[in-house]
Amino acid sequence: MSNNYRAEQVVCISGWECGTEIELMMVVNFTVYPGSKATQIDPAEEPTAEVDSVRFFDGKDELTLPWSISDRFTNADGFQSWLLSEAAEQHQAAVEDAAEARAEEMRLERRS
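Scoring rules and cut-offs
- Residues numbered from 1 in each chain as written.
- Predicted model: local features only at pLDDT ≥ 70, side-chain atom pairs only at ≥ 80, totals over all residues.
- Heavy atoms only, no water.
- 1 Å grid on protein atoms, 1.4 Å probe; cavity = no way out; pocket = protein on both sides within 12 Å on 5 of 7 lines; lining within 4 Å.
- Points joined across faces, edges and corners; volume = space filled by probe spheres on them.
- Helix = DSSP H or I, 4+ residues; strand = E, 2+ residues; numbered from the N terminus.
- Nonpolar A, V, L, I, M, F, W, Y, C, P; charged D, E, K, R; others polar.
- Phe/Tyr/Trp six-rings, centres within 6.5 Å; stacked < 30°, edge-to-face > 60°.
- Buried < 20%, exposed > 50% of the residue type's maximum accessible area, 1.4 Å probe, protein only.
- Pairing = 2+ DSSP bridges.
- Axes fitted to C-alpha atoms, helices over the stretch in contact; angles between N-to-C directions.
- Contact = heavy atoms within 4.5 Å.
- Polar contact = N/O pair within 3.5 Å; in protein donor to acceptor, adjacent residues only side chain to side chain.

### Remarks on the layout of surface pockets
Here is step 1 of the chain: One number sums up the size of the largest pocket: a volume of about 180 Å³.
Here is step 2 of the chain: As for the largest pocket, its lining consists of Met 1, Asn 3, Tyr 5, Val 32, Pro 34, Pro 47, Leu 84, Ala 87, Ala 88, His 91 and Gln 92.
Here is step 3 of the chain: Looking at the lining of the largest pocket, the elements that each hand over two or more residues are β1 (3–14) and α2 (79–111).
Here is step 4 of the chain: With five residues, the single largest contributor to the lining of the largest pocket is α2.
Here is step 5 of the chain: Of the residues contributing to the lining of the largest pocket, the split by class is eight nonpolar, three polar and no charged.

Structure follows, in structure tokens:
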């Protein structure tokens, strides 16, 4: 079973000589596939993240950048790890939120 996630981070573009720096927001929508445990005939497969889309924003304005820019990010060392880390954090937060909601619901039921 796969799960869909969204991750954001600031990307800085700076002029080497002029010192001008522009900050863009990079928004990545991605799907995580959980992998599988080893069997007698197949080795274990690690979880993987597949990028669905990469978008860049300057404030509220979406920028159209060449595919090569997002490709440089998504193929960089550590990008896959970053996505899996983001997914793990979001999953954990969802689990905690659900547990908190259940606890609150039980407290309300006891008061009734």
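### With respect to the packing of aromatic side chains
Here is step 1 of the chain: Under the defined criterion, the tally for this structure stands at three aromatic pairs.
Here is step 2 of the chain: Look at Phe 56 and Phe 73: their rings are 6.0 Å apart centre to centre, the planes differ by 45 degrees, and that puts the pair in the tilted class. Within this pair, whereas Phe 56 is found in strand β3 (residues 48–58), its partner Phe 73 is found in helix α1 (residues 67–74), the two being separated by 17 residues in sequence.
Here is step 3 of the chain: With relative accessibility at 4%, the residue Phe 56 sits in the buried group.

### So, the sheet that holds β3
Here is step 1 of the chain: The strand order across the open sheet formed by four strands is β1-β2-β3-β4, and the pairing between neighbours is antiparallel. Either end of the sheet is taken by a strand with one partner, and the two such strands are β1 and β4 (61–63). Here the average twist between neighbouring strands, direction ignored, is 35 degrees.
Here is step 2 of the chain: Pairing of β1 with strand β2 (residues 21–33), which is carried by 12 bridges, proceeds in the antiparallel orientation. Within β2, the position partnered with Glu 8 by the bridge is Val 27.
Here is step 3 of the chain: Contacting β1, β2 and β3, α1 runs over the sheet at an angle of about 130 degrees to β3.

### Describing the environment of Glu 62
Here is step 1 of the chain: Secondary-structure assignment places Glu 62 in strand β4.
Here is step 2 of the chain: Along the sequence, Glu 62 and Met 26 sit 36 residues apart, while their C-alpha atoms lie 9.8 Å from each other.
Here is step 3 of the chain: Apart from residues lying up to four places away in sequence, Glu 62 is in contact with Arg 55, Phe 56 and Phe 57.
Here is step 4 of the chain: A distance of 2.9 Å separates a polar atom in the side chain of Glu 62 from a polar atom in the side chain of Arg 55.

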